[in-house]
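A look at the structure
Below, each chain spelled out in residue letters.
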Amino acid sequence: MTKRFALAILAPLGVVTTLAGSAQSADLTAPRLIEPPPELPSWTFRVVPYGWLMGLNGSQTVRGRTTKVNASFIDVAEKADTLVGLMADFEARNGPLALYGDVVWTKVGLSGNHLRTRSLAPGVTGTLGTSVDASTQLGIVEFGAAYEVARLGALGVDLTAGGRYWYQEADLSFDLLGTVGAGDLAIVGGRAIAKSGSVDWLDPVVGGRLRYTIAPGHELFLRGDIGGFNVGSKFSWQAIGGYDFDFGAYQGITFSGIIGYRALYVNYVQGQGRTRYEYDMLQHGPVVGISMKW
């Protein structure tokens, strides 16, 4: 009775209509909950200046004269001119896609027990001296892309493809003997010097990479590739393994230490006889660097 009486009193005054209209208006203007769009992956960047303590095992031929090389990274590091070098790695990543680049520029000089004469190319006459020195300026530029094809918990699997550009200038010097054919060599004192001039080539490469997170800010990595395929060199391969660990951050940049081991082999040949140049070499040794990521 009380509710009906109240409505009877309020109805003539239009209060009921107003209240109903207000309720309907509130229903119409009530804000709807809209889910924010998913965040798109953004680019991250990493630069790694590093040092590669490089040992050499193989052979080098300059103007048809071949020397056998066998030197550990300790042997190479003892030469003062091998301390000059530029080495850096770069990567830009957006979700599963990464673009990478790597630069190595160094000068390697060897002599004494680390070298020995091996042979002369067909068409080259004479005898090589027993004392040999070798000096090589070496530039390597790698570039390409990686794509994550699988994620198994803490393990990421990438496929990689790109190119590796080589640049070299090599000099071999040896004792000048009476029987050596030195018409195409430079003669300085009692030494004959074979100079290659600039030699360069480009190898296509394909490979893969594994990245395993053992703890936040700590990662193990392993990368390998093969290349050449007679497009540039006859054949080449590379393997890199290491440990990456964060140790600090400053103004949005995360700093990490990197330690590992790198091995890179290539077999490249051009020319015949007195113009023959060959670099059949395994370069290997520890890698130490600092990573900056933002």
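**As for the packing of aromatic side chains**
In total, this model carries 7 aromatic pairs according to the counting rule given. Connected via pairs of aromatic rings, a cluster forms that spans Trp166, Trp201, Tyr268 and Tyr279. The lysine or arginine in question, arginine 223, covers the ring of tyrosine 100, its NZ or CZ lying 4.9 Å from the ring centre. Positioned above the aromatic ring of tryptophan 52, the side-chain terminus of arginine 262 is 4.5 Å from the ring centre.

**As for unusual backbone geometry**
Positive phi values are uncommon outside glycine, yet phenylalanine 229 reaches one of about 55 degrees. Counting through the fold element by element, phenylalanine 229 comes out in the loop between β11 (218–227) and β12 (235–250). Look at asparagine 230: it is not a glycine, yet its phi comes out positive at around 65 degrees. Mapped onto the elements, asparagine 230 comes out in the loop between β11 and β12. For asparagine 230, a relative accessible area of 61% puts it in the exposed group.

**Examining the environment of alanine 77**
For alanine 77, the location among the structural elements is in helix α3 (residues 73–77). In the structure, alanine 77 is positioned 24 residues away from leucine 53 in sequence and 7.1 Å away in space, judged by C-alpha atoms.

Definitions and limits used
Sequence positions are assigned chain by chain, starting from 1 and proceeding in written order. Totals for whole chains, interfaces and linings use every residue, but because this is a predicted model, local features are given only for residues with pLDDT of at least 70 and side-chain atom pairs only at 80 or more, for both listing and counting. The basis for every side-chain value is the complete set of heavy atoms in the structure, and neither hydrogens nor water enter the calculation. Planes of paired rings set the category: under 30 degrees apart is stacked, over 60 is edge-to-face and the rest tilted, where pairs are Phe, Tyr or Trp rings (Trp by its six-membered ring) whose centres lie within 6.5 Å. Geometrically, a charge over a ring is one whose NZ (Lys) or CZ (Arg) sits within 6 Å of the ring centre while staying within 35 degrees of the ring normal. Each helix corresponds to a stretch of at least 4 residues labelled H or I by DSSP, and each strand to a stretch of at least 2 residues labelled E; elements are numbered beginning at the N terminus. Here the term buried applies to any residue with accessible area under 20% of the maximum for its type, exposed to any over 50%, and partly exposed to those in between, with areas from a 1.4 Å probe on protein chains only.

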